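Listed here are the chains, written in short residue letters.
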Amino acid sequence: MKKHLILLLLIVAGSAEAQTRGVKIGYIDMEYILENVPEYTDAKNQLEEKALRWKQEIEVKKNEISKLKSSLNSEKVLLTKELVEEREEEIRFQETTLLDYQNKRFGPNGDMIIQKSVLVKPIQDQVFTAVQDISEAKKYDFIFDKSSDLTILFAAKRHDISDQIVRSITRASKRSQLTKKQLKEEEAKEAKEDMVDDNPALAERQKILDERKTAREKLIQDRKEAAAEKKRLYDEKRARLLEEREAKKNGTYIEGDKPETSNTASDEGKTKAPKDNSVIPAEEQVDNKEEVADPRAAAAIERARILEERKQALEDRKAKILKDREEAKRLRDEKLKNK
């Protein structure tokens, strides 16, 4: 209620001044700012890790107490009254110790609350400093915190300066790590950002330009990837052709779907006469004469003839090598016999 009254008084006080000039009002979202400040995020993660360890310790202690209770219930009939009372006292002591530990870690004045306030305090100080600087520089009359208890029924986005506060804080941490040249470039960038903040139309235009730039960069990247893929396919095809050519030179290549023929366009549909009629049987020669009008059939016949010639040449070469070996062996045996 008190905060609402203060807000009302501020607006009434500002309305008198609004008659001579417009009242400039802005607001911040402290929760949003804290979540976007790297130092706070890192420290918060460390605090959450501590809290997780504390919760695990509490859970272990609870399990120990539960085991003590279970053990007492199962052994109660075998124990004397004094031993039962002693065990119950031990359990109450453990429960009291656990409760004290829970309050110490997560109570109203516990370590979690204290460390969280210690964590937030430096960031809050930076936020308040940044708010004062921006308010004086941009002539704001009032700055409210949207995340506080102060009720704001409506707030236009153009009055939200939370992003400016975040930039102001991150700029301060960056400046100590920049060279003079980098500092000058950063100041020019900051001036441009501030100009965009002061002019919503310019901000919308900058957003459109950024979107176009992103789309253009994506298009360029897609073209580069397409060119790289095209080059890869070309290299694979070239390597395959070189392998086939090398295989043809070595006489080990057997052609597949792509027939190789030395016939020119004027000779298409004709086949070469075989060098040795004994290579192709007579019945196949008759069939070839009937199919010679078909270029594909002619190519197939030519390919079969070439393969037969290669096969015959390999067999002749093998026979000659065997004959030469036998002749050499015979001469060696005769020479040894004459000795």
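The structure displayed is predicted, hence computed values, not measured ones.

S.K.: Would you mind going over the nonpolar core with me for this structure?
M.R.: General note: in soluble globular proteins, nonpolar side chains tend to be found buried as a group. Grouped together as the largest cluster of nonpolar side chains are 19 residues, with contacts concentrated most on Ile28, Ile33, Tyr40, Val127 and Ile165. Those elements giving two or more residues to this core turn out to be helix 2 (30–35), helix 3 (38–75), helix 5 (111–138) and helix 6 (162–175). Per-element tally for this core: the top contributor is helix 5, with 7 residues. The residues contacting isoleucine 28, other than those within four sequence positions of it, are Ile33, Val127, Val131, Ile143, Phe144, Asp145, Lys146, Ser147, Asp160, Ile161, Ser162 and Ile165. Grouped together as the second largest cluster of nonpolar side chains are 8 residues, Trp54, Ile58, Val84 and Tyr101 included.

S.K.: Can you help me understand the packing of aromatic side chains in this one?
M.R.: Any aromatic ring pair is given by two values, namely how distant the centres are and how the planes are angled relative to each other. As enumerated under the stated definition, the model contains 2 aromatic pairs in all. Note on tryptophan 54 and phenylalanine 106: the rings are 6.0 Å apart at their centroids and 75° apart in plane angle, and the pair reads as edge-to-face. Of this pair, tryptophan 54 sits in helix 3 while phenylalanine 106 sits in helix 4 (residues 81–106), and the two are 52 residues apart along the sequence. Judged by centre distance (6.3 Å) and plane angle (15°), the rings of phenylalanine 142 and phenylalanine 144 are stacked. The pair formed by phenylalanine 142 and phenylalanine 144 is uniform in burial state, with each residue classed as buried.

S.K.: Help me out: how do you make sense of helix 3 in this one?
M.R.: Residue pairs spaced three or four apart in an α-helix point in one direction, given the helix's 3.6 residues per turn. Counted at 1.5 Å a residue, the expected span for helix 3 with its 38 residues is 56 Å, and the 56 Å between its end C-alpha atoms agrees. Within helix 3 the residues assigned to the buried category are Tyr40, Leu47, Ala51, Trp54, Ile58, Ile65 and Leu72.

S.K.: Looking at this structure, how should I read the pairing of strand 2 (residues 142–145)?
M.R.: A regular strand carries its side chains on alternate faces of the sheet. Every second residue of strand 2 is oriented toward a common face, the buried set being Phe142 and Phe144 and the non-buried set Ile143 and Asp145. In terms of strand pairing, strand 1 (residues 25–28) meets strand 2 through 4 bridges, oriented parallel. Bridging across to strand 2, glycine 26 finds its partner in isoleucine 143.

S.K.: Hey, could you run me through the packing of helix 3 against helix 4 in this one?
M.R.: Helices that pack against each other are described as a pair by the angle of their axes relative to one another and the distance between those axes. Interhelical geometry of helix 3 versus helix 4 gives an angle of 165° and a closest axis separation of 10 Å. By the criterion of interaxial angle, the relationship of helix 3 to helix 4 is roughly antiparallel. Regarding helix 3 and helix 4, the two cross each other, and that crossing is left-handed. In terms of residue class, the contact of helix 3 with helix 4 is made up of 11 nonpolar, 3 polar and 10 charged.

S.K.: Can you walk me through the packing of helix 3 against helix 5 in this structure?
M.R.: Contact geometry for helix 3 and helix 5: axes closest at 10 Å, N-to-C directions at 175°. What the angle tells us is that helix 3 and helix 5 run roughly antiparallel. Side by side, helix 3 and helix 5 meet where Glu39, Tyr40, Ala43, Lys44, Leu47, Lys50, Ala51 and Trp54 of the first sit next to Asp111, Met112, Gln115, Lys116, Leu119, Val120 and Ile123 of the second. Residues that form the contact of helix 3 with helix 5 fall into these classes: 9 nonpolar, 1 polar and 5 charged.

S.K.: Got a minute to help me understand the environment of lysine 116 in this structure?
M.R.: Examined against the element boundaries, lysine 116 turns out to sit in helix 5. On a C-alpha basis, the gap between lysine 116 and leucine 47 in space is 7.7 Å, while along the polypeptide they are 69 residues apart.

S.K.: Where do I start with the pattern of salt bridges in this structure?
M.R.: Any two side chains of opposite charge can pair, on the condition that their charged atoms come close. Taken as a whole and judged by the stated rule, the model has 16 salt bridges. Aspartate 111 is the partner of arginine 105 in a salt bridge, and the nearest nitrogen-oxygen pair spans 2.5 Å. Judged on exposure class, the residue arginine 105 and its partner aspartate 111 are both buried. We note a salt bridge from lysine 121 to aspartate 125, for which the minimum N-O separation is 3.1 Å. Of the two residues, lysine 121 and aspartate 125 both sit in helix 5, 4 residues apart, roughly one turn of that helix. Overall, the relative accessible area of 35% leaves aspartate 125 in the partly exposed class. Counted as one network, the salt bridges with shared partners bring together Glu229, Arg232 and Glu236.

S.K.: Would you take a moment to explain helix 5 for this structure?
M.R.: An ideal rise of 1.5 Å per residue puts 40 Å on 28 residues; helix 5 measures up with 40 Å between its terminal C-alpha atoms. At lysine 121, helix 5 shows its maximal bend, which comes to roughly 30°, and the proline proline 122 appears one to four places after that position. One or two positions beyond helix 5, positive phi appears at lysine 139, with a value near 60°.

S.K.: Where do I start with the side chain of glutamine 164 in this structure?
M.R.: Relative to the helices and strands, glutamine 164 resides in helix 6. By relative accessible area, which is 10% here, glutamine 164 ends up buried. Polar side-chain contacts of glutamine 164 include one of 2.8 Å to the side chain of lysine 138.

What counts and what doesn't
- Residues numbered from 1 in each chain as written.
- Predicted model: local features only at pLDDT ≥ 70, side-chain atom pairs only at ≥ 80, totals over all residues.
- Heavy atoms only, no water.
- Core = buried A, V, L, I, M, F, W, Y, C linked by side-chain atoms within 4.5 Å.
- Buried < 20%, exposed > 50% of the residue type's maximum accessible area, 1.4 Å probe, protein only.
- Helix = DSSP H or I, 4+ residues; strand = E, 2+ residues; numbered from the N terminus.
- Contact = heavy atoms within 4.5 Å.
- Phe/Tyr/Trp six-rings, centres within 6.5 Å; stacked < 30°, edge-to-face > 60°.
- Expected span 1.5 Å × (residues − 1).
- Pairing = 2+ DSSP bridges.
- Axes fitted to C-alpha atoms, helices over the stretch in contact; angles between N-to-C directions.
- Parallel < 35°, antiparallel > 145°, perpendicular 65-115°, else oblique.
- Left-handed = near helix turned anticlockwise from the far one by under 90°.
- Nonpolar A, V, L, I, M, F, W, Y, C, P; charged D, E, K, R; others polar.
- Salt bridge = Lys/Arg side-chain N within 4 Å of Asp/Glu carboxyl O.
- Bend = angle between axes of the 7 residues up to and from the residue.
- Polar contact = N/O pair within 3.5 Å; in protein donor to acceptor, adjacent residues only side chain to side chain.

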